[in-house]
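So the chains spell out like this:
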Amino acid sequence: MNVTPVTPPRPIDVVAVFPQLAPLARTATRLHPRPGAPTWHDSSIGGPLLWPAEEPWPHCEEPHVVDGINPARSPADLRLERRIFAASHGREMTPEERETLARIRPPQTYPVKVAVQPYEGPIAMLPVAQLYVRDVPDLSPPEGKDLLQVLWCPFDHPIMPRTLLFWRSAAAVTDVLDTPPEPPAVQFDGYLPDPCVLEPEQITEYPDHLELSEELRKQIEQWSVPQAAEEDLTPDTYYDLVLSNAPGWKVGGWAGWSSTDPSPQHCSECGTGMEILMTVATFEEGDDDANSWSPHPHPGAGPYPGHRGYNATGVQIGSGYRQHLFVCPAEPEHPHIELMT
């Protein structure tokens, strides 16, 4: 039975308490990725792209170096390793499975020698997301385009993967590239997305407290004291974790800030203030103990795998952060900006 994830209503209507937030409301589309077998014609994370056969597949031309502490592995080996772990869940591994895992990840000897491992030549980029406007209402494509494709290089540049965005008309793609090239190696396991289908859901979000005026921040923190105590949170985190913006993969809405403070971003081509296009997330759940953002299925639809720490995509940004992609609202095809928060 299909499960439709639904974000629970916020426990408090924050705009009723702070009307100043009303003009700052934005819609966001939570993507709710789930393991699946998407096709070219589906919105997906890590799935195949509707890529024109006559169009060259993008490659990263920048230098790629990996140290000997974290050896890079091929996409084929990483997928095989994931299949073995999935197949052996709840039982003992076979000798053949153990032998295969030992080949993929040979035991390290200590002390570990730090060796530079360069990769010569261009590296084929990996599909990260394919989003059709029909499925994701918060996409704002250029005129005549109805499909966004996101790819990245599975190496740090310098602290996260370098991304490329492609806007296109799906109807214009008549001959599809069925076997795109793959990179010889992936620097970190979390840079190889697992194929996921999506269950998009539109919600309303408000800015992170760091993007509010100092006066409003203080008012919200003072008001949050009793609410935070009930949820075993601190007053300075209650609003961000429970009321402002959703965790997980999403399009539009507001950025969440944790590892860095917000700063104005402007288009390098025209100077227009950039707006968030998409959030690539390590986790689908937030840090509030109540798991208040965990989606619920419709009654009788069965369990939805949206518990804390759930990571259907296999993606990990840094030590568990998010990668925000910002675009120019005046011209989405101008160069975009990546930020890790």
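Residues numbered from 1 in each chain as written. Predicted model: local features only at pLDDT ≥ 70, side-chain atom pairs only at ≥ 80, totals over all residues. Heavy atoms only, no water.

**Observations regarding the overall build of the protein chain**
Moving on, step 1. Per the secondary structure count, the protein chain includes 5 helices and 16 strands.
Moving on, step 2. A globule of 341 residues ought to have a C-alpha radius of gyration of about 20 Å, and the protein chain, at 21 Å, matches this closely.
Moving on, step 3. Per-residue burial for the protein chain yields a buried fraction of 46% across its 341 residues.
Moving on, step 4. Looking at the protein chain alone, contacts between residues at least 24 apart form 79% of all its contacts between residues at least 6 apart.
Moving on, step 5. Approximately 16,600 Å² of the protein chain is accessible, and the part contributed by carbon and sulfur atoms is 54%.
Moving on, step 6. Across the protein chain, the centroid of the 22 positively charged side chains sits 5 Å from that of the 48 negatively charged ones. (Helix = DSSP H or I, 4+ residues; strand = E, 2+ residues; numbered from the N terminus. Rg over C-alpha atoms; globule rule 2.2 N^0.38 Å. Buried < 20%, exposed > 50% of the residue type's maximum accessible area, 1.4 Å probe, protein only. Contact = heavy atoms within 4.5 Å. Areas by Shrake-Rupley, 256 points an atom, 1.4 Å probe, with all protein chains shown as cover. Lys, Arg positive; Asp, Glu negative; His and termini not counted. Charge placed at Lys NZ, Arg CZ, Asp CG, Glu CD.)

**Notes on the pattern of salt bridges**
Moving on, step 1. Inspection of the entire model under this criterion finds 14 salt bridges.
Moving on, step 2. Glu 214 is the salt-bridge partner of Lys 218, the closest N and O atoms lying 3.4 Å from each other. Of this pair, Lys 218 and Glu 214 both sit in helix 4 (residues 214–230), 4 residues apart, which is roughly one turn of that helix.
Moving on, step 3. Overall, the relative accessible area of 47% leaves Lys 218 in the partly exposed class.
Moving on, step 4. Shared partners join several salt bridges into a network, and the residues in it are Glu 81, Arg 105 and Asp 189. (Salt bridge = Lys/Arg side-chain N within 4 Å of Asp/Glu carboxyl O.)

**Some thoughts on helix 4**
Helical geometry note: an α-helix holds 3.6 residues per turn, so side chains three or four residues apart project in the same direction.
Moving on, step 1. Its 17 residues place the ends of helix 4 25 Å apart at the C-alpha level, agreeing with the 24 Å of an ideal helix rising 1.5 Å per residue.
Moving on, step 2. Ser 224 marks where helix 4 bends most, by close to 50°; the proline Pro 226 follows one to four residues later.
Moving on, step 3. Looking only at helix 4, the buried set comprises Leu 216, Ile 220, Trp 223, Ser 224, Gln 227 and Ala 228.
Moving on, step 4. Summarising the contacts, the buried residues of helix 4 are in contact with helix 1 (14–17) and helix 5 (235–244).
Moving on, step 5. With its phi angle positive at about 60°, Asp 232 sits one or two positions after the end of helix 4. (Expected span 1.5 Å × (residues − 1). Bend = angle between axes of the 7 residues up to and from the residue.)

**Details of the packing of aromatic side chains**
Moving on, step 1. Taken as a whole, this structure holds 7 aromatic pairs when the rule is applied.
Moving on, step 2. Both rings, one in Trp 51 and one in Phe 166, keep their centres 5.0 Å apart while their planes meet at 80°; by these two values the pair is edge-to-face. Here Trp 51, found in the loop between strand 3 (44–45) and strand 4 (59–60), pairs with Phe 166, found in strand 10 (residues 161–168); they are 115 residues apart in sequence, far enough to count as distant.
Moving on, step 3. Counting every residue linked through ring pairs, the aromatic cluster contains Phe 18, Trp 223 and Tyr 238. (Phe/Tyr/Trp six-rings, centres within 6.5 Å; stacked < 30°, edge-to-face > 60°.)

**Section: the side chain of Gln 149**
Moving on, step 1. For Gln 149, the position within the fold is in strand 9 (residues 147–156).
Moving on, step 2. Judged by relative accessible area, which is 0%, Gln 149 ranks as buried.
Moving on, step 3. A distance of 3.0 Å separates a polar atom in the side chain of Gln 149 from the backbone oxygen of Leu 50.
Moving on, step 4. Separated by 2.9 Å, the side chains of Gln 149 and Gln 130 make a polar contact.
Moving on, step 5. Filtering out sequence-adjacent residues up to four positions away, Gln 149 remains in contact with Leu 49, Leu 50, Trp 51, Ala 129, Gln 130, Leu 164, Leu 165, Phe 166 and Arg 168. (Polar contact = N/O pair within 3.5 Å; in protein donor to acceptor, adjacent residues only side chain to side chain.)

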